[in-house]
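Observations on chain architecture
For reference, the chains in residue letters:
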Amino acid sequence: MSEFPKEQNSIPITKVQRSAKFVSTGLKVGGNYIKHYSKKLFNPDLNTDELNLNNASDIYDSLSELKGSALKVAQMLSMDKNMLPKAYSDKFAQSQYNAPPLSGPLIVQTFKKVFGKTPEQIYDKFESRSTNAASIGQVHRAELNGRKLAVKIQYPGVGDSISSDLKMVKPFAFRLLGMSEKELAIYMKEVEDRLLEETDYELEVRRSIEFSKACSVLNNVVFPEYFPELSGKRVITMSWLEGMHLKEFLQTNPSQELRNQIGQALWDFYNFQQHELRAVHADPHPGNFLITADGKLGCIDFGCIKELPDEFYYPFFSSTSTALMENKEETIKAFRQLQMILPDDSPIQVDFFAELFKEMIGLFAKPYITDTFDFGEDAFFTRLYTFGEKVAKMPEFRQARGVKDFIYINRTNFGLYNLLHELKANINTDTFKPHVVLEY
Amino acid sequence: MTTKESIQSAYIDSVLTTGTKPKSVYSFAKQNEMAEQEFYTFYGSFESIEMSIWTNLASTTLSEISAQQVWAGYTSREKALGFYYSFFELAKSKRSFITFSSKNIKRGLSTPRVFEGLKAEFENFSYKIVQDGIESGELADRKLFADRYKDALWMQFLFVLKFWINDNSAGFEKTDEAIEKGVNVTFDLFQRSALDNLFDYAKFLLYNGNVKQKFGF
């Protein structure tokens, strides 16, 4: 990055002020939104250009002043392109890069608290200006014994503000997703749990080491080395990975071969974790990846890990197999286990939703069914979005369906699909296959 | 051997164990096995011990922060932040005493006696950073107001002190937030802002508007 983001001049001070910020944004959005019904979880681009841009900048303007979990929520929303119109997602995507940094003295203070020493005493060299924001923290360059390091520092009080920030985000979420409070509560809890995990840097270091070790069997995927002795509650030290972000990489006009190679690495990275480790890096934000000069995929953030419990993994990923889908009875049982079909659905509803979800998962599973898949093709994505739009308009979908695990798994896989689409990668999709169970 | 420091720590120990000030210099001296006379060669009263403890906190903070490599490169804003953080980091080691000593301060507009030395150190420091800031253009040089910047910083210091005394978050993380956010707001106000321009514009209109009327276009 050639230009440093402007340092933040003011952060809304108290919870009251933060609430006020949210409220005023809520009002603005309400105004922009008044003619619109918000849509369901699987919603694609809404095609309502006239207001989205306004909304996005209003929300973004307010969120970017908030930091911490609110920023995280912005990023999260920006990830779910299938859930948000493009105008939003483009605006939100900026949040990864434009968060204003914290003051130098606070960094010194944080180090003193974590290590009892100043950064100068720990590293041979430490840049007090951060290179970029990492949603709940910021990244600094450093050097020790000739090694280039990346030092991630967490903002103080992030953990505390997550719960209250999420409560304040709720009104947006209602508008954006159109769910009832009760339905939303389960999903919000899931998001809150993940976000709280992300604030635990000690956990992140342990996981990063674990995952990068497990994933070292994969081709063309690289990780920074982590230094637990130079990490603590609010600081993580890792080796500096040199590379380009996806956008910069694409601007260099890479060859099809190179794009396939990166795409393949991404696919393997995610599917190896999902099907072999049963826990997955659930933050496929472009900012979490770097593409190295020798054409490898670097993953630089293991803050968000979603574990896949068996009772979710088997019914969901088995339904990507035609063998299960041909057996209607077992399919319905699987859907029931996933709460996509609910206990008090009438037989007509059961049939209706079974058909619908079959179509939906069938569409989602297309890359799994063939041995290779061309993510560069627009047709697949158009179908995905059209289907999403169709579902969103269905009155039958007034009720939220699906277990909470869907949030992060959808986010992960749609995020992955989006990255692959942007890469226009044509890849082998049979490298790590789902494990299938045919009876429920 | 009796030193200023040994009297200080004996005094801190005494007030924190008993919860009150010693009854008299005589009893305090007796307890610490020295002559009352010896006490007076170092301090005139208990109050002056407390005052010197506060003052020492500030001067130690100042010498600590100015020894940091990054210090010279800091802006005035960062220097102020640095002072606050280091002061309260240092204050942790004397938290009980600080709580005790602050409790005995009577509310009022004038500076409490025990803060006099501390305030002098602080004002000296803030006067310097404000001047540097104005010279470098970081802060707006407003007539009349600019002289009061240091008072605003002192008020803020007292506010953070109170906040810290009541802070029970782990590692006093909330105090860090209060400092980061508060000092940033204060320095935003010290900077040239839209208000200055508005004021300037209003002044312009006031003068030039009148001219128009006088000539009666």
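Keep in mind it's a predicted model, so treat the numbers as computed, not measured.

A closer look at the overall build of chain A
Of the regular secondary structure elements, chain A holds 19 helices and 12 strands. Evaluated residue by residue, chain A yields a buried proportion of 44% over its 440 residues. A fraction of 72% describes how many contacts in chain A between residues 6 or more apart in sequence connect residues 24 or more apart.

What about the overall build of chain B?
Scanning chain B from terminus to terminus reveals 10 helices and zero strands. Counting from the amino terminus, helix and strand elements in chain B follow one another as α-α-α-α-α-α-α-α-α-α. In terms of overall dimensions, chain B is more spread out than a globule: its C-alpha atoms have a radius of gyration of 23 Å, far above the 17 Å expected for 217 residues. The principal-axis extent of the C-alpha atoms belonging to chain B is close to 90 × 35 × 30 Å. Buried positions account for 28% of the 217 residues belonging to chain B.

Some points on the nonpolar core
Membership of the largest hydrophobic core comes to 115 residues, with the highest contact counts inside it found for A:Leu266, A:Leu297, A:Leu420, B:Trp54, B:Ala80 and B:Tyr84. Looking at this core, the element that brings in the most residues is helix α19 (residues 405-423) of chain A, giving 10 residues.

Thoughts on the interface of chain B and chain A
Taken together, the contact pairs 19 residues of chain B with 17 residues of chain A. Residue assignment for the side of chain B that touches chain A shows that the elements contributing at least two residues are α5 (76-91) and α9 (173-190) of chain B. The element contributing the most residues to the side of chain B that touches chain A is α9(B), with nine residues. Looking at the side of chain B that touches chain A, its residues break down into five nonpolar, five polar and nine charged.

Focus: the domain arrangement of chain B
Residues and elements named next belong to chain B. Taken domain by domain, chain B comprises domain 1 (1-44) and domain 2 (46-201). When each unit is reduced to the centre of its C-alpha atoms, the spacing between domain 1 and domain 2 is 30 Å. Residues that form the side of domain 1 that touches domain 2 fall into these classes: seven nonpolar, two polar and one charged.

Remarks on the environment of A:Pro224
Residue and element names in this part refer to chain A. In this structure, Pro224 sits in the loop between β5 (221-222) and β6 (235-239). Along the primary structure Pro224 and Ile300 are separated by 76 residues, whereas in three dimensions their C-alpha atoms are 6.6 Å apart. Apart from the residues within four sequence positions on either side, Pro224 is in contact with Ala150, Met238, Ser239, Leu241 and Ile300.

What to know about the pairing of strand β4 (residues 147-154) of chain A
Within a regular strand, the side chains alternate between the two sheet faces. Residues and elements named next belong to chain A. Sheet topology note: the strand β3 (residues 137-144)/β4 ladder contains eight bridges and is antiparallel. Bridged to Val139 within β4 is Lys152. Counting the residues that bridge the hairpin from β3 to β4 gives two residues, and of these Asn145 lies at a positive phi of roughly 50 degrees. Taken together, the five bridges between β4 and β6 define a ladder with antiparallel strand orientation. Within β6, the position partnered with Leu149 by the bridge is Ser239.

A word on the packing of helix α12 (residues 256-277) of chain A against α19(A)
Residue and element names in this part refer to chain A. The geometry of α12 relative to α19 is characterised by a closest axis approach of 9 Å and an angle of 170 degrees between their N-to-C directions. The orientation of α12 with respect to α19, classified from their angle, is roughly antiparallel. Contacts from Arg259, Ile262, Gly263, Leu266, Trp267 and Tyr270 of α12 reach α19 at Thr412, Leu416, Leu419, Leu420 and Leu423. Residues belonging to the contact of α12 with α19 are distributed by class as follows: eight nonpolar, two polar and one charged.

Observations regarding the confidence of the model for chain B
Averaged over every residue, the pLDDT of chain B is 88; the share at 70 or more is 95%. Predicted complex, confidence summary: ipTM 0.75, pTM 0.73.

A closer look at the sheet that holds strand β8 (residues 289-291) of chain A
All names here are of chain A. Strands sit in the order β5-β9-β8 across an open sheet of three strands; the sheet is mixed. One side of each edge strand has no neighbouring strand; the edge strands of this open sheet are β5 and β8. Most of the contacts of α12 go to strand β9 (residues 297-299), to which it runs at about 40 degrees, and overall it touches β5, β8 and β9.

What to know about unusual backbone geometry
Positive phi values are uncommon outside glycine, yet A:Arg278 reaches one of about 60 degrees. Secondary-structure assignment places A:Arg278 in the loop between α12 and β7 (279-281). For A:Arg278, a count of 15 C-beta atoms within 10 Å translates into the label partly exposed. Residues other than glycine seldom take positive phi values, yet B:Glu33 does so here, at roughly 55 degrees. Secondary-structure assignment places B:Glu33 in the loop between α2 (25-31) and α3 (36-42). On the basis of neighbour counts, which here come to 9 C-beta atoms within 10 Å, the residue B:Glu33 falls in the exposed class.

Digging into the environment of A:Lys306
Residue and element names in this part refer to chain A. Mapped onto the elements of the fold, Lys306 is located in strand β10 (residues 305-307). When the C-alpha positions of Lys306 and Gln274 are compared, they lie 9.3 Å apart, and in sequence the two are 32 residues distant. In this structure, Lys306 is in contact with Arg194, Ala279, Val280, Ala282, Tyr408, Ile409 and Thr412, ignoring residues within four places of it in sequence.

Topic: the environment of A:Ile236
Residue and element names in this part refer to chain A. Here Ile236 is to be found in strand β6. Measuring from C-alpha to C-alpha, the distance between Ile236 and Glu204 comes to 8.5 Å, with 32 residues separating the pair along the chain. Ile236 has contacts with Lys152, Tyr201, Glu204, Val205 and Ser231, leaving out every residue within four places of it along the chain.

Remarks on the packing of helix α15 (residues 328-337) of chain A against helix α16 (residues 347-364) of chain A
Residue and element names in this part refer to chain A. Contact geometry for α15 and α16: axes closest at 10 Å, N-to-C directions at 90 degrees. The angle between α15 and α16 places the two elements in the roughly perpendicular class. Residues Thr331, Ile332 and Phe335 of α15 touch α16, and the partners they reach there are Val350, Ala354, Phe357 and Lys358. Classifying every residue of the contact of α15 with α16 gives five nonpolar, one polar and one charged.

Concerning α9(B)
Its 18 residues give α9(B) an end-to-end C-alpha distance of 26 Å, which sits within 8% of 26 Å, the value for a rise of 1.5 Å per residue. Along α9(B), the residues that are buried comprise B:Thr175, B:Asp176, B:Glu177, B:Ala178, B:Ile179, B:Glu180, B:Val183, B:Asn184, B:Phe187 and B:Phe190. Packing partners of the buried residues in α9(B) comprise α6 (104-115) of chain A together with α5 and α8 (149-166) of chain B.

Quick word on helix α6 (residues 95-103) of chain B
Each full turn of the α-helix corresponds to 3.6 residues, which orients residues three or four apart in the same direction. All names here are of chain B. Along α6, the positions that sit buried rather than exposed are Phe97, Ile98 and Ser101. Taken down its axis, α6 places every buried residue within 100 degrees of arc, on the same side. Opposite the buried face of α6, at more than 90 degrees from it, the exposed residues are Ser96 and Lys103.

About the criteria used
Residues numbered from 1 in each chain as written. Chains lettered and ligands numbered in written order. Predicted model: local features only at pLDDT ≥ 70, side-chain atom pairs only at ≥ 80, totals over all residues. Helix = DSSP H or I, 4+ residues; strand = E, 2+ residues; numbered from the N terminus. Buried ≥ 20, exposed ≤ 12 C-beta atoms within 10 Å, placed from the backbone. Contact = placed C-beta atoms within 7 Å. Rg over C-alpha atoms; globule rule 2.2 N^0.38 Å. Core = buried A, V, L, I, M, F, W, Y, C linked by C-beta atoms within 7 Å. Nonpolar A, V, L, I, M, F, W, Y, C, P; charged D, E, K, R; others polar. Domains from an automatic or database assignment. Pairing = 2+ DSSP bridges. Axes fitted to C-alpha atoms, helices over the stretch in contact; angles between N-to-C directions. Parallel < 35°, antiparallel > 145°, perpendicular 65-115°, else oblique. pLDDT = per-residue confidence, 0-100. Expected span 1.5 Å × (residues − 1). Arc of directions from axis to C-beta.

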